[in-house]
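Chain and residue survey
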Amino acid sequence: YSLYQLRDYLRLELRPAVIRSVVPYAAVGTLNVVASALVHAPGRICLFRFDSAHAAGVYSAYFTATVQVSLALLMMIATVLIPLASRPDAQREAWRHLLRRLAAVAAASFVFFSAFGALALALIGRSYAFHGGWLLLFAASAAALLAHGTLAALFAARGLKGLVISSVGTLLAGMGNL
């Protein structure tokens, strides 16, 4: 309905200058989609191939209770952080605040993901065997992912050069998941 109401204001205009300025950002940004697939898929695919559906289910339960929550939080952070940190003076302030608090936030997020994962598995994953070591491993991964993603979002707010650094770093981190 909203698009219908705005139909007089929304017109497709294909201006080559605008397209040339947007295409580099879009092309580099697609690397983040590939990296996201490398974070989400390999564990389950490998477990289905080399172990069993049950093992893939257990992996998925721990992944969903920790890493998936981290990815959701990261999307919220990036949605707010990139626009706020896109000005040069805001970049300096964001980096100063982030670097001052990074260790404390990483430790707190590890505790949060450990507790949330344990609670989620207790509530909805009772049919799976509880492995404290696995929970801690997935919680550490979720905390590292949140820290990396926040740093990547700050780099992406710097323009094309920052987006390239962010996307390549995210792609390398995703490849490390293999």
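Placed above this text is the structure.
Note that the structure is predicted; figures quoted are calculated from it, not measured.

What follows is about the overall build of the chain. From N to C terminus, the chain includes eight helices and zero strands. For the chain, the sequential pattern of α-helices and β-strands runs α-α-α-α-α-α-α-α. Overall, the chain is about 55 × 40 × 35 Å in size when its C-alpha atoms are taken along their principal axes. When burial is assessed residue by residue, the chain has 33% of its 178 residues classed as buried. Excluding contacts between residues fewer than 6 apart, the proportion of contacts in the chain whose partners are at least 24 apart in sequence is 78%.

At a minimum axis distance of 9 Å, the contact between helix α5 (residues 67-84) and helix α7 (residues 132-156) shows a crossing angle of 15°. On the basis of their axis angle, the class for α5 and α7 is roughly parallel. The two elements α5 and α7 cross, and the hand of that crossing is right-handed. Note on element contacts: α7 touches α5 through Phe 138, Ser 141, Ala 142, Leu 145, Leu 146, Gly 149, Thr 150, Ala 153, Leu 154 and Ala 156, opposite Val 67, Ser 70, Leu 71, Leu 73, Leu 74, Ile 77, Ala 78, Leu 81 and Ile 82.

Within the largest apolar cluster, 21 residues are counted, with the highest numbers of intra-cluster contacts made by Tyr 62, Phe 63, Val 67, Leu 71, Phe 113, Leu 121 and Phe 138. Residue assignment for this core shows that the elements contributing at least two residues are α4 (53-65), α5, α6 (88-124) and α7. Looking at this core, the element that brings in the most residues is α7, giving seven residues. Counting nine residues, the second-largest nonpolar core is a separate cluster that includes Ala 94, Leu 98, Ala 153 and Leu 154.

Conventions adopted
- Every chain is numbered independently, its residues counted from 1 as its sequence is written.
- Owing to the predicted nature of the model, reporting of local features is limited to residues with pLDDT of at least 70; listing and counting of side-chain atom pairs is limited to 80 or more, with chain, interface and lining totals taken over all residues.
- As a rule here, side-chain values come from all non-hydrogen atoms in the structure, and water together with hydrogens is ignored.
- Labels follow the DSSP assignment, with helices taken as runs of H or I lasting at least four residues and strands as runs of E lasting at least two, numbered in each case from the N terminus.
- Only protein chains enter the accessibility calculation, which uses a 1.4 Å probe; a residue whose area is less than 20% of its type maximum is buried, one above 50% is exposed, and one in between is partly exposed.
- Contacts are residue-level and defined by heavy atoms, with any inter-residue pair within 4.5 Å sufficient.
- Axis lines are fitted to C-alpha atoms, over the contacting stretch for helices. Their N-to-C directions set the angle, which ranges from 0 to 180 degrees.
- Any angle that falls under 35 degrees is termed roughly parallel, while one over 145 is termed roughly antiparallel, one within 65 to 115 roughly perpendicular, and all others oblique.
- Each crossing is labelled by how the near helix is turned from the far one, with a counterclockwise turn of less than a right angle marking it left-handed and a clockwise turn marking it right-handed.
- Side-chain atoms within 4.5 Å link the members of a nonpolar core, which is a set of buried Ala, Val, Leu, Ile, Met, Phe, Trp, Tyr and Cys residues.

All we've got here are geometric facts, nothing functional implied.
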